Amino acid sequence: MTQLPAPPHLHVESLHEQKKRVLFVTSEFADLVKVGGLGDVSAALPRALASHHDIRVLIPGYSQVMESGQNIRIVGEVGGHAALPPCKIGRMDLADGMIVYVLINPELYERDGTPYGDAHGRDWADNHIRFARLGLAAAEIASGTACIRWCPELVHANDWPAALAPAYMAWRQVASPTVLTIHNLAYQGLCDLQCSAELGIPAEACSSDGMEFYGKLSFLKAGIAYASHVTTVSRTYAEEITTPAFGCGLEGMLQAKVADGQLSGIVNGIDESWEPRTDPHLVQGFGVRQWQGKRANATHVEQMLGLDADSGPLFAVVSRLVQQKGIDLTRGVAEQIVALGGRLAVIGRGEPELEAAMTELAQRHPGRIGVHIGFNETDARRIFAGSDFLLMPSRFEPCGLSQMYAQRFGSLPIARRTGGLADTIEDGVTGFLFRESTLESYQEAVQRAFNVYRHPELLSAMRCRAMAAPLFWRQSVLPYDELYQELLGATRLAADAL
Ligand code: ADP
Ligand code: GLC
């Protein structure tokens, strides 16, 4: 007898059944609170994965989250453990269907400042408690003890603030697989060894096989030790962190992960809002070769930062002003840019000495260098759109999003050949790469940019290639989906074998 195809509604249901329940644990989520690229990725990656999986986010209830105007329903709670206090779990249903669980404890999280520190940039002294609490709450949700009527099959933790999630899961024998994504190995979440009692960490975990790191406890090391799989945000950075130059002392452990097939690099994507034709933040939208639209944004940037109008190429810095980003090197290159007739627009904030150095540059070169200490999304997007070149001489760069945002908006990145910059920029085609973290190497790339600027057809061709270069998240999520399937398949096989 001929087999009839399944009726459509059954087919839809079986597809739905394949969706896995995933908890995405993070300390930033751009809709609500963002310090850097982690916030962008945490808002975009779960959304892109939502068509494949039932993926929900867990984030601490900072003031910015609690006062966001979104309705928060209390759906569960977790008890205290050692010095980690009890918390309520709230649920936010965002307009696009994204579900965000909020870990609520006013004393711990509702403070003025960033997720990590006060308004002066000083880290909160109890960050180990605040983020251990986040990791433990994730483990409790995964073990079904948080009473939220939803239990993930896989937990995906991000960076050190969430890195204790896989560890608490292991200590509590929660068997679900875990992924740790390292967005930046340089931030490890260190605290004194004596804190182990406050955090309720078992004694055997406080050794160098567990989370002890040169006489301290390292949250990130715990995540690497206990996660089923570790990813980082580009292939080149995944290789770099296994070497002493980039491994921050964890290279040996990371090499072992590679040997076990448990470390991989998955490059970030960008979200669909990076569309220069329709972006509502821009003064004027533009498509490929519609450079008069770019020009309109440039005019706006010139007026905003007090730059001379329409003379010479416009270089830009849109960055956290920190050591990692090579801002001190840009200081040297700024003199070259001015000497060759270019202009420089800077927006960002960060370490006080680097902020002061940028402000001083602007005072020394009025009309040629304009600096805004601060950050807002609209100005950042207008600068990406209005500039000709983006400077990104990072000492290391796990992935970097700004270079891709710049490319989409026709601004050619000039960047060091490292991490995600090496993976997303094709030298002489979609931007310029230089090898050494030295002024000479950087200046040579800036000189090449000037040469291209003098040939409008070449500049235009490079802009067109750059605008088409970045991957969108809908393409970049596929390796995550494969990884989830692989880990869940592996767990099922292990369970079947028992
Ligand atoms: P990182 O996360 O290391 O800062 P990325 O390039 O991955 O670098 O992401 C930078 C993101 O942060 C972009 O969305 C960028 O527009 C934004 N950004 C840049 N500078 C600042 C700043 N000073 N404050 C807040 N966000 C910033
Ligand atoms: C970190 C890295 C940056 C990366 C971002 C998002 O902030 O410094 O390179 O793009 O995380 O993954």
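Scroll up to find the structure this text is about.
Below you will find a few notes about this structure. (Residues numbered from 1 in each chain as written. Chains lettered and ligands numbered in written order. Predicted model: local features only at pLDDT ≥ 70, side-chain atom pairs only at ≥ 80, totals over all residues. Heavy atoms only, no water.)

Right, let's talk about the site of ligand 2 for a bit. Ligand 2 sits among 13 residues. The nearest are His-183, Asn-268, Glu-397, Cys-399 and Gly-400. For ligand 2, an oxygen atom lies 2.7 Å from a polar atom in the side chain of His-183. Asn-268 places a polar side-chain atom, nitrogen or oxygen, 2.9 Å from an oxygen atom of ligand 2. Across the complex, the protein chains shield 93% of the 310 Å² of accessible surface that ligand 2 would expose by itself. Looking at side-chain class alone, the shell around ligand 2 contains six nonpolar, six polar and one charged residues. (Near = heavy atom within 4 Å. Polar contact = N/O pair within 3.5 Å; in protein donor to acceptor, adjacent residues only side chain to side chain. Areas by Shrake-Rupley, 256 points an atom, 1.4 Å probe, with all protein chains shown as cover. Nonpolar A, V, L, I, M, F, W, Y, C, P; charged D, E, K, R; others polar.)

With 15 residues, helix α12 (residues 291-305) extends 21 Å from end C-alpha to end C-alpha; this agrees with the ideal 21 Å at 1.5 Å per step. Those residues of α12 not exposed but buried are Trp-291, Gly-293, Lys-294, Ala-296, Asn-297, Ala-298, Val-301, Glu-302 and Leu-305. In the core, the buried residues of α12 are packed alongside β13 (314-318), β14 (343-348), β15 (369-373), α15 (377-386) and α19 (456-467). (Helix = DSSP H or I, 4+ residues; strand = E, 2+ residues; numbered from the N terminus. Expected span 1.5 Å × (residues − 1). Buried < 20%, exposed > 50% of the residue type's maximum accessible area, 1.4 Å probe, protein only. Contact = heavy atoms within 4.5 Å.)

For the rest of this paragraph, the subject is the site of ligand 1. Not every one of the 16 residues close to ligand 1 is listed here, only the nearest: Gly-37, Asp-40, Arg-320, Lys-325 and Leu-401. Contact distances for ligand 1 include 2.7 Å between an oxygen atom and a side-chain N or O atom of Asp-40. Here an oxygen atom of ligand 1 sits 3.1 Å away from a polar atom, N or O, in the main chain of Ser-402. Contact with the protein chains removes 92% of the 560 Å² of surface that ligand 1 exposes when unbound. When residues of the shell around ligand 1 are traced back to their parent elements, those giving at least two are α2 (37-49) and α16 (402-408). Its residues assigned to classes, the shell around ligand 1 comprises four nonpolar, six polar and six charged. Each of domain 1 (21-269 + 474-497) and domain 2 (292-470) accounts for three or more of the residues forming the shell around ligand 1. (Domains from an automatic or database assignment.)

Attention now moves to the pairing of strand β7 (residues 178-182). Summarising burial for β7: five of the five residues are buried, a large majority. Burial of the side chains of β7 extends over both faces: Thr-178, Leu-180 and Ile-182 are buried on one face and Val-179 and Thr-181 on the other. Examined bridge by bridge, strand β6 (residues 154-158) and β7 share four bridges and lie parallel to one another. Counterpart to Ala-157 in the pairing with β7 is Leu-180. Bridging between β7 and strand β11 (residues 229-232) involves four bridges; their strand directions are parallel. Looking at β11, one finds that Thr-181 is bridged to Thr-231. (Pairing = 2+ DSSP bridges.)

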